[in-house]
Amino acid sequence: ASGNLAGIFMPLMSKDDNIATRLVRAAYLYSLNRWKDLGGIGAAIEGAQCGVLHLARDGAHAQVQRQIAASGLYPRAFARWLEAPEATAMLGAPAPDGAWWFEQGGWARPASVCAAMLDACGALLTRRFSSSALRLERGDGEWLVREADGALIAAAPTVILAAGTGAVDFEQAAGLPLDAVRGQVTHLAEGSLPSLPFVVCREAYMTPAHQGVVCVGASYDADADAKLRPSSQEENIAKIADILDVAPFEAPLAGRTGFRCMAADRLPLAGALPDPGTPGRCERLRDVPRWPGLFGLLGYASRGLIWAPLAAELLACQLEGEPLPLERQLAEALDPARFLLRERRRAA
Ligand SMILES: Cc1cc2nc3c(=O)[nH]c(=O)nc-3n(C[C@H](O)[C@H](O)[C@H](O)COP(=O)(O)OP(=O)(O)OC[C@H]3O[C@@H](n4cnc5c(N)ncnc54)[C@H](O)[C@@H]3O)c2cc1C
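Cut-offs and rules
- Residues numbered from 1 in each chain as written.
- Predicted model: local features only at pLDDT ≥ 70, side-chain atom pairs only at ≥ 80, totals over all residues.
- Heavy atoms only, no water.
- Core = buried A, V, L, I, M, F, W, Y, C linked by side-chain atoms within 4.5 Å.
- Buried < 20%, exposed > 50% of the residue type's maximum accessible area, 1.4 Å probe, protein only.
- Helix = DSSP H or I, 4+ residues; strand = E, 2+ residues; numbered from the N terminus.
- Domains from an automatic or database assignment.
- Contact = heavy atoms within 4.5 Å.
- Salt bridge = Lys/Arg side-chain N within 4 Å of Asp/Glu carboxyl O.
- Near = heavy atom within 4 Å.
- Polar contact = N/O pair within 3.5 Å; in protein donor to acceptor, adjacent residues only side chain to side chain.
- Areas by Shrake-Rupley, 256 points an atom, 1.4 Å probe, with all protein chains shown as cover.
- Nonpolar A, V, L, I, M, F, W, Y, C, P; charged D, E, K, R; others polar.
- Pairing = 2+ DSSP bridges.
- Axes fitted to C-alpha atoms, helices over the stretch in contact; angles between N-to-C directions.

J.: Any chance you could break down the nonpolar core for me, citing the residues and the numbers?
T.: Counting residues in each nonpolar core, the largest one holds 52 residues, and the members touching the most others are Phe-9, Met-13, Leu-23, Trp-35, Ile-45 and Leu-326. Here the element with the most residues in this core is helix H6 (residues 304-320); it accounts for 7 residues. Looking at which domains feed residues into this core, each of domain 1 (114-178 + 269-347) and domain 2 (186-263) supplies at least three. If we ignore the near neighbours within four places in the chain, the residues touching Trp-35 are Phe-9, Gly-40, Ile-41, Ile-45, Val-113, Met-117, Leu-305, Ile-306 and Pro-309. Membership of the second largest hydrophobic core comes to 21 residues, among which are Leu-91, Leu-188, Met-206 and Ile-243.

The following block contains the structure:
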């Protein structure tokens, strides 16, 4: 999924400032700082911190957003509520229900974020790329990472599984409740749609043109078809045309299909992986049996760009015994053992 040309990043707002909202806020702010340290978006990282205009869906949705804005909790640079006249002026099309303006949001090319992060590791990191399906085997006090044909690639006491939708193909992670949710992004030639210098989104999003291409996405589909298909493209175009108040049009089939790795509660999994094969009563997360030395960074769903830096930092702190970058309640919400805990509590 990280092969997409562009991913957008922005915060999430909710009236009750629930756990998901707090986590997304932490991830968003952490990522912005991290990327700045790596050289910045638009410099070391391909993309632009051009702002995101997030339009309200309808009048009722706008009313809730207005109440959130009225709480006065958010600095303008983080989130600013725009009423219809201002939102309409920015969009250049009717925005009757208003919008959030996330000034620090924008888009980035995931591959360039990955490259910048890998480069930042310097000589501490040895990279071994392989296109083969890997598997894990427990050796004498360590994990053996093997290619499909059995060849040993590496042996280590600690392994972090960060394989997206492929994680459940590993025997040790097969029981995790992770779904693969298809998504198709449409690539349009610059000029196919009215151009905007920022990201706009509602039911769909559109990035500003970059190297002559505008990205519009992304569909949410239940099937496993990896090929581009006209129906998803038409859906993307119809949604963005509605947002920009232009007539739907036909465009050559171009884009990219990927699969989001999504947990039942849509939150990531960051931490030690549970071992469902070991029986026992579980009252708390710390009672849940875990594989020795096996960790996961998974389930980034639709926000991989901002989940990845924070989830990785959280896990690094857990492994090193450092203070966590999140309060305990939020860190526990990402514990990969939360699903097995619920199952065992229900069974008890
Ligand atoms: C259409 C679409 C649009 C999206 N838009 C956005 C967006 O706007 N903003 C945003 O933040 N996020 C977006 N996302 C989500 C984002 O792309 C993902 O959250 C992110 O890419 C997940 O990264 P990952 O490294 O966990 O997994 P992936 O990028 O899926 O990488 C997993 C890697 O593991 C490898 N692998 C798996 N199993 C094995 C195995 N057995 N052996 C060897 N290798 C293996 C795979 O080949 C792959 O390279 C979008 C996703 C899709 C599909």
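J.: An account of the pattern of salt bridges is requested, with residue identities and associated values reported.
T.: Taken as a whole and assessed by the stated rule, the structure comprises 21 salt bridges. For Glu-46, the salt bridge goes to Arg-109, with nearest N and O atoms at 2.9 Å. Separated by 63 residues along the polypeptide, Glu-46 in the loop between helix H1 (19-37) and strand S2 (47-48) and Arg-109 in the loop between strand S6 (106-108) and helix H4 (110-120) bring together distant segments of the chain. Looking at Arg-109, the relative accessible area reads 18%, which means it is buried. Several salt bridges converge on common partners, so that one network encompasses Arg-182, Asp-221, Asp-223, Asp-225, Lys-227 and Arg-229.

J.: Break down the site of the ligand for me, with residues and values.
T.: Within the structure, the ligand sits among 25 residues, and Ser-2, Ile-8, Leu-134, Ala-301 and Leu-305 are positioned closest to it. In this structure, Ser-2 approaches the ligand through a side-chain N or O atom, which is 2.5 Å from an oxygen atom. For the ligand, whose accessible area on its own is 1000 Å², the fraction buried by protein is 76%. Those elements that provide at least two residues to the shell around the ligand are strand S1 (7-9), strand S11 (178-189), strand S15 (255-263) and H6. For the shell around the ligand, the per-class residue count stands at 13 nonpolar, 10 polar and 2 charged. When residues of the shell around the ligand are sorted by domain, at least three fall in each of domain 1 (114-178 + 269-347) and domain 2 (186-263).

J.: Residues and numbers for the sheet that holds strand S7 (residues 135-138), please.
T.: The strand order S7-S8-S9 describes an open sheet built from 3 strands, whose pairing is antiparallel. Bordering the open sheet on either side are S7 and strand S9 (152-156), each of which pairs with just one other strand. Put simply, the sheet's adjacent strands are angled 25 degrees from each other on average, direction ignored. For S7 and strand S8 (residues 143-146), the ladder comprises 4 bridges, and the chain directions are antiparallel. Within the sheet, the bridge partner assigned to Leu-136 lies in S8 and is Val-145.

J.: So what's going on with the pairing of strand S5 (residues 99-102)? Which residues, and what values?
T.: By the alternation rule, side chains of S5 split into Ala-99 and Trp-101 and Trp-100 and Phe-102, which are all buried. Strand direction decides the pairing type here: strand S4 (residues 80-82) and S5, joined by 3 bridges, are antiparallel. Counted as the bridge partner of Leu-82 is Ala-99 from S5.

J.: Tell me about the environment of Phe-78, and please be specific about residues and values.
T.: Turning to its location among the elements, Phe-78 is positioned in the loop between helix H2 (59-70) and S4. The sequence separation of Phe-78 and Leu-12 amounts to 66 residues, and the corresponding C-alpha distance is 11 Å. Leaving out residues up to four positions away in the same chain, Phe-78 has contacts with Pro-11, Met-13, Arg-25, Tyr-28, Leu-29, Trp-101, Phe-102 and Gln-104.

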